[in-house]
Amino acid sequence: MMQVPWSLTRPLKIYATDPTRGYEAALTAVISVEYEPLKAGPIGERLEVVDYDGGAKTYYDAVDLDDKAILMQGGLSPSEADPRFHQQMVYAVASRTLSNFDRALGRRINLAKGSKQSRLRLLPHAFRGRNAFYDRELHALLFGYFDADETDPGTNMPGQKIFTCLSHDIIAHEMTHAIVDRLRRYFLEPTNVDVLAFHEGFSDIVALLQHFSFPDLVMREIQRKRGDIEQPTVLVELAQQFGFATGHGKSLRSALDDPGAVLAPGMSEAHDRGAILVAAIFDGFFQTYRSRIRDIVRVATGGSGELPVGDLQPHLAKLIAAEASRTAQRQLEMCIRAFDYLPPVDVTFGDYLRAMVTADFELNPEDEWGQRAALIEGFRRRGIYPEGVFSLAEESLRWPVAANVPKISDSLEQLLPQLLRIEADRFSERSRDADLRRAEGSRPALATLDGDSDDLAENSHDYVTKNIAVALHEFAKNNALALSLNPDLKISVSSFNAVFRTASNGRLLIELVAQLTQLDPNGQVDVLLGGITTRGGTTIIVGVDGQVRYAIAKPLPNKNLPTEVQAAAESRVDRQRAFVSTLDLMDPRFPYMSNAQVNSRMKARMSIRGLHGGR
Amino acid sequence: MIDRLTIRMYDMGFGDCFLLSVWTGARPRHVLFDCGSLSRSKPQVAKVAKDVIAACTTAGGKARIELVVCTHRHKDHVCGFDDPNWANVEVGEVWMPWTEDPSDPDATRIRNRQSAFALALCSTLKPGFNSDDLPLAGAGPQTQKAARLALALNSLTNERAMSVIHRGFQGVAPRRFLPLKDKSAEVRYLDGLPGVRFHVLGPSRNEKVIAAMDPPDGAAYFAGSNLAFCAMNETGACEATWRVTADRYRADNPDITFSEADQKDVDRLADEPDGDFAAAIDNAVNNTSLILAVEVGDQLLLFPGDAQWGSWDAILQQPEIRDLLRRVTVLKVSHHGSHNGTPKSLVETILSENVTAFMSTGSVKQWPNIPRGPLITALSAKTKLARSDKTAPAGFKGHDGLYIEWETPVLAI
């Protein structure tokens, strides 16, 4: 018999709305995740579901999604009682989130952390508690479960088990934390008021926008609120239904409600600030959405734009929902793509806006949907202004093009094509033909620089990785000042990747992105910094021709820098110290800390768990 | 005409008791701020109460206090009222934060949440605890656990003390719950205290401050929290039919990267609490503190209770209150000199150069940062600072280690 071509995706069922909300029957959705062979768990190449319950100290039977009985049904049907469905849902949403990052960043994200933790582990029932978090040490997402209140159960049955792993938004949120931590490992260090707020806000943005890409769900909401489809209220309400099972979603999304909520100078709580970032992005999203559906409504109403009374015509609702989903997907990719254009340390909301504008400009200079303009307007309306720019005009917001940096040459020139090959092999689509597929084998691994560098030797491509690291280091050292690095301090190559992106006009954009970081040697003993030193660093974006296009820097103070750069670097260090003191003020535990706890308090504050559970 | 005033700071260890007396010639009138301790035994606290009552008793043998202020319900501020002798003291008025108002539904909700949280926390930390336990006062081991329990017990409702404050004392002193609704920085007067103006600055009723009064997730939190978990160890996430042993699981899934060491780490994460709940509830109750500025002639005395960041933040954002605070001449340092009790901007940019500061504090081994070193340095540089745990500095009068007293003439303005 002739072989049937492989499917590129695997359909899996999930709860699209939180089953514990109970205001009506939970909606389910079928999502397509990237196909990969799975072992029981499920265990794939980058994700590993481990159903260990640290509360009851037991394992639960692991699902085999490649089991024919399950394949035939397109995955297990949603069930609150069956842990195997929980495993499937966690895997499906995590995989979907990961694919969105792969796609937007133009490479296959590496989730391996050393050789022992080669996959990100997902524990759907890790502990008893109203929380869910990413833990860097364990390289895992841990989801809690808890009993609904016995006396005030709300819409739930008293004492009923509530699972955080059954909320799409919580899974996507935690997954985003994990990916962000792999992409930017210093973004958990609260060096300024925006860093943790960014981690939180960005995770919510990904969760919400990803949720909008379920057209059926969007369509139902649009039909329910037929009168105001042009108003963002429909989508805001949709955003607010999601993922309320843990407390942390609530305040993050509250700013969506209030068009007047802006970034106030004294606002230092991570969730409050994160809420403003979410609102700014959504303001931009809604504006694009409105302009996208205006023509559809005009066509459907014979040019008047006035909808007739009665139910919304189903076809119209479908078209609008499809447009909302498409806009959300593009917005999501725009938000993620910016990552490669962020400095390696000490990020601010303003940096993020600049990174989004620059990354999107490089890919789609035309901005035919007006998305960039809408986004800038959203940030302006929410009072988020980048430092050191003269205006909010797009040209001012884009990172300045690197000047005075020589072309990358010598050894790196030989190595780059090899890196490109490996990354291309990792990222390109696998054949659907079964025979070819077998011949292709599995995707090559990419050695990681972080984690434990001793593990590099065990990787088949380590020689490329290692040599590129050495060559980049050499390059950075020789051009330290031009890259705003301090030539007298050690320079670390934190990461580098080749990325492949397709522009809207069909062009292929290939770049090398690398993060170079430095440590302030004086910072380690500064008790005012609470155990986290000051870092500096530069992200470089290099074209295939070896030309450094952008050098996005957060320099450490250094007297050889130009005066204004030096002043900015110094104020950045002062800002970090002042911020630690503000955190101390807000931290109820601070007065009761022992001296050892005081000295390492900033390290303790780096935890996502504390961020989610401490409220 | 009031011509002078005295302030007595009693040595309560980790606690507060301040007696303000305004004098017209030889006749004093008294205002009492709090009476309690976390680190002193019951007899020690009773001795202070006795001295306060004696100080407020006339030669004719009549004890009268014009105003009793209960800044907030923490044990270290109220437990001294659990004493039968207060029944013989006539009191003009009793002021409390609005959160004590029994007829205000918001206040009741906050109180109930705080009490339920503290109760659940205490039972979790020490099943079968006694609400009169004094883990920091006795000879017991001074461990972190004892300190945490002390902190949790601190937030427990002090039934007997609170009933004296709400319904006790001689006479029928009206109870006021301040600030009144819809009043910001209200100025109040008292018939028994002519010439004294009270500025009621907090606690604000704004949403942020109310949020700062909320324990992490109410009492319901404990039902879902891993803190209360020991009791329910048997119920896991899923029904028993789905359970498999570790050996089986590992044999069936040989490829897992999840090692036995990882499994132990998960156990540890599952067993340790999400946060320091004792500190969280302590902070929540502190933020209910009634904040008063007492104006007598040229003197302006700031008594912020144990106000912490959330409450201060709301106050310092109001320009008219910032202006008022620039005139402060006496500061009762909030929360025993903790970093969170006194905003840096208050000391550095708002307070003037001529301030006398009182810090009621007692060192607790487990809390080496109360009082906070840098705050003491900043206050010492800018103010005349007296500490209850040190001998009286020049200009203050010590009294047998029982209290430190300070006197200043009052000039009419």
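Residues numbered from 1 in each chain as written. Chains lettered and ligands numbered in written order. Predicted model: local features only at pLDDT ≥ 70, side-chain atom pairs only at ≥ 80, totals over all residues.

## So, the overall build of chain A
What counts is decided by this rule: Only DSSP runs of H or I with at least four residues qualify as helices, and only runs of E with at least two residues qualify as strands; both kinds are numbered from the N terminus onward. By the convention adopted here, residues make contact when the C-beta atoms placed from their backbones lie within 7 Å.
Assigned secondary structure in chain A consists of 19 helices and 13 strands. A fraction of 64% describes how many contacts in chain A between residues 6 or more apart in sequence connect residues 24 or more apart.

## A short note on the overall build of chain B
For clarity, the cut-off: With C-alpha atoms as the basis for the radius of gyration, the globule rule is written as 2.2 Å multiplied by the number of residues raised to the power 0.38. Partly exposed residues are those whose C-beta has more than 12 but fewer than 20 other C-beta atoms within 10 Å; with 20 or more the residue is buried, with 12 or fewer it is exposed, and the C-beta atoms are placed from the backbone.
Tallying secondary structure elements over chain B gives 14 helices and 16 strands in all. Scaling as 2.2 N^0.38, a compact globule of 413 residues should have a C-alpha radius of gyration of about 22 Å, and chain B matches this with 24 Å. Burial statistics for chain B: of 413 residues in total, 53% are counted as buried. Looking at chain B alone, contacts between residues at least 24 apart form 75% of all its contacts between residues at least 6 apart.

## A short note on the interface of chain A and chain B
One frequent convention defines the size of an interface as the accessible area lost when the parts assemble. In plain terms, the rule: Three classes are used: nonpolar for Ala, Val, Leu, Ile, Met, Phe, Trp, Tyr, Cys and Pro, charged for Asp, Glu, Lys and Arg, and polar for all others, with Gly counted as polar.
Facing 62 residues of chain A, the contacting portion of chain B comprises 51 residues. If you list the elements that add at least two residues to the side of chain A that touches chain B, you get β4 (52-53), β5 (58-60), β6 (120-128), β8 (140-147), β9 (161-163), α16 (563-586), α17 (595-599) and α19 (608-613) of chain A. Considering every element that reaches the side of chain A that touches chain B, the biggest residue donor is β6(A), with six residues. Split into classes, the residues belonging to the side of chain A that touches chain B amount to 26 nonpolar, 16 polar and 20 charged.

## Let's talk about the environment of A:Lys407
Residues and elements named next belong to chain A. Positionally, Lys407 belongs in the loop between α12 (394-397) and α13 (411-427). Each C-alpha atom of the pair Lys407 and Asn505 lies 27 Å from the other, and the pair is 98 residues apart in sequence. Ignoring any residue separated from it by four or fewer positions in sequence, one finds Lys407 in contact with Gly546 and Gln547.

## Let's talk about helix α8 (residues 270-300) of chain A
Residues and elements named next belong to chain A. Going by this rule: Take the number of residues in a helix, subtract one, and multiply by 1.5 Å to get its expected span. Here the bend at a residue means the angle between the axes of two seven-residue stretches, the one that ends at it and the one that starts at it.
Relative to the 45 Å expected for 31 residues at 1.5 Å per residue, α8 spans 44 Å between its end C-alpha atoms, a close match to the ideal helical length. For α8, the principal kink sits at Ile293 and spans about 30 degrees. Gly302, located one to two residues past α8, shows a positive phi value of around 60 degrees.

## Notes on the packing of helix α9 (residues 314-337) of chain A against helix α10 (residues 349-363) of chain A
Residues and elements named next belong to chain A. What counts here: In this description, a line fitted to the C-alpha atoms serves as the axis of each element, helices being fitted only across the stretch in contact, and the angle between N-to-C directions of two axes falls anywhere from 0 to 180 degrees. These descriptions rest on fixed angle ranges, namely under 35 degrees for roughly parallel, over 145 for roughly antiparallel, 65 to 115 for roughly perpendicular, and the rest for oblique. Helix crossings fall into two classes, left-handed where the near helix is turned counterclockwise from the far one by less than a right angle and right-handed where it is turned clockwise.
Relative to each other, α9 and α10 sit at 110 degrees, their axes nearing to 8 Å. When the axis of α9 is compared with that of α10, the two are roughly perpendicular. For the pair α9 and α10, the sense of crossing is right-handed. Contacts between α9 and α10 pair Met334, Cys335 and Arg337 from the former with Met356, Ala359 and Asp360 from the latter. Grouping the constituent residues of the contact of α9 with α10 by class yields four nonpolar, no polar and two charged.

## What to know about helix α2 (residues 83-105) of chain A
Residues and elements named next belong to chain A. Between the first and last C-alpha of α2 there are 33 Å, a value that for 23 residues agrees with the 33 Å anticipated at 1.5 Å per step. Across the 23 residues of α2, 20 count as buried, placing the element largely inside the fold. One or two positions beyond α2, positive phi appears at Gly106, with a value near 70 degrees.

## Side note on the packing of helix α5 (residues 215-224) of chain A against α9(A)
Residue and element names in this part refer to chain A. In the contact formed by α5 and α9, the axes pass within 8 Å of each other and the chain directions differ by 125 degrees. Looking at the two axes, α5 sits oblique to α9. Relative to α9, the crossing made by α5 is right-handed. On α9, the residues that touch Pro215, Val218, Met219, Ile222 and Gln223 of α5 are Ala317, Lys318, Ile320, Ala321, Ala322, Ala324 and Ser325. Counted by class, the contact of α5 with α9 contains nine nonpolar, two polar and one charged residues.

## Remarks on the domain arrangement of chain A
All names here are of chain A. Counted only if it meets this: Domain delimitation follows an automatic or database domain assignment.
By the assigned domains, chain A splits into domain 1 (9-183), domain 2 (195-397) and domain 3 (411-602). On the domain 3 side, the residues contacting the 14 residues of domain 2 number 22 residues. Looking at side-chain class alone, the side of domain 2 that touches domain 3 contains six nonpolar, four polar and four charged residues.

## Let's talk about the nonpolar core
Filter applied, for reference: Throughout this description, the term nonpolar core refers to a group of buried Ala, Val, Leu, Ile, Met, Phe, Trp, Tyr and Cys residues whose C-beta atoms join them within 7 Å.
Counting 167 residues, the largest nonpolar core has A:Leu122, A:Leu123, A:Leu142 and A:Met356 as its most contacted members. No other element matches the 13 residues that α8(A) contributes to this core. In this structure A:Leu123 touches A:Val50, A:Tyr52, A:Ala140, A:Leu141, A:Leu142, A:Phe143 and B:Val266, once residues within four positions along its chain are discounted.

## Re the sheet that holds strand β5 (residues 90-97) of chain B
Strand pairing within a sheet occurs via backbone hydrogen bonds; the two strands may be parallel or antiparallel. Residue and element names in this part refer to chain B. We apply this condition: The pairing criterion for strands is at least two bridges between them, as found by DSSP.
Pairing is mixed in the open sheet, where eight strands are placed in the order β6-β5-β4-β3-β2-β1-β16-β15. Single-partner strands in this sheet number two, and they are β6 (175-178) and β15 (397-399). Ignoring strand direction, the axes of neighbouring strands in this sheet form an average angle of 20 degrees. Judged from the nine bridges that link them, strand β2 (residues 15-24) and strand β3 (residues 27-37) form a sheet pairing that is antiparallel. The partner of Val22 across the bridge, within β3, is Arg29. Along the sheet, helix α1 (residues 42-55) makes contact with β1 (4-10), β2 and β3, crossing β3 at roughly 170 degrees.

## Re the confidence of the model for chain A
Reading fine detail from the predicted coordinates is not recommended where pLDDT is low. All names here are of chain A. Selection rule: The predictor attaches a confidence to each residue, and that confidence, scored 0 to 100, is pLDDT.
Model confidence for chain A is summarised by a mean pLDDT of 84, while 88% of its residues fall at 70 or above. Confidence over residues 242-249 falls short of pLDDT 50; this stretch has 32 contacts with residues more than four positions distant or in other chains. In the model, residues 451-460 has pLDDT below 50 throughout and makes 13 contacts with residues more than four positions away in sequence or in other chains.

## Structural notes on the sheet that holds strand β9 (residues 243-244) of chain B
The three strands are arranged β4(A)-β5(A)-β9(B) in an open sheet whose pairing can be described as antiparallel. This sheet does not close on itself; its edge strands, each paired only once, are β4 of chain A together with β9 of chain B. The pairing of β5(A) with β9(B) spans two bridges and is classified as antiparallel. Bridge pairing links A:Tyr59 to B:Val244 in β9(B).

## Observations regarding unusual backbone geometry
Cis geometry marks the peptide bond from A:Gly41 to A:Pro42, where omega comes out at -5 degrees. Along the chain, A:Pro42 falls in the loop between β2 (28-34) and β3 (47-49). Following B:Leu178, the chain continues into B:Pro179 via a peptide bond in cis, with omega recorded as -10 degrees. The residue A:Asp346 is not glycine, and still its phi comes out positive at about 55 degrees. By the element assignment, A:Asp346 lies in the loop between α9 and α10. One non-glycine residue, B:Asp182, lies in the positive phi region at around 65 degrees. In this structure, B:Asp182 sits in the loop between β6 and β7 (186-188).

## Let's talk about the confidence of the model for chain B
Residues and elements named next belong to chain B. In the predicted model, chain B carries a mean pLDDT of 90, and the fraction of residues at 70 or more is 95%. In this model, residues 223-233 is a region of pLDDT below 50 whose contacts with residues beyond four sequence positions or in other chains number 27 contacts. Across the assembled chains, the prediction reports ipTM 0.86 with pTM 0.86.

## Side note on the pairing of strand β16 (residues 403-409) of chain B
Looking down a regular strand, the side chains alternate between one sheet face and the other. Residues and elements named next belong to chain B. Bridging between β1 and β16 involves seven bridges; their strand directions are antiparallel. Within the sheet, the bridge partner assigned to Leu5 lies in β16 and is Thr408. Two elements, β15 and β16, share three bridges in a ladder whose sense is antiparallel. In the strand pairing of β16, Gly398 is matched with Ile404. Where β15 hands over to β16, the hairpin turn is made up of three residues, of which Asp400 adopts a positive phi near 55 degrees.

## Describing the pairing of strand β7 (residues 132-135) of chain A
Residues and elements named next belong to chain A. Along β7, one buried face is formed by Ala132 and Tyr134 and the opposite face, lined by Phe133 and Asp135, is buried too. When β7 meets β8, the two strands line up antiparallel, connected through four bridges. Of the residues in β8, the one forming a bridge with Ala132 is Phe143. Counting the residues between successive antiparallel strands, the hairpin from β7 to β8 contains four residues, one of them, His139, with a positive phi of roughly 50 degrees.

## Section: the environment of B:Lys365
For B:Lys365, the location among the structural elements is in the loop between β13 (355-359) and α14 (373-382). Expressed as a C-alpha distance, the spacing of B:Lys365 and B:Ala147, which sit 218 residues apart in the sequence, is 9.0 Å.

## A look at the environment of B:Asp132
Among the secondary structure elements, B:Asp132 is positioned in the loop between α3 (105-125) and α4 (144-154). B:Asp132 sits 272 residues away from B:Ile404 along the chain, and the two C-alpha atoms are 28 Å apart.

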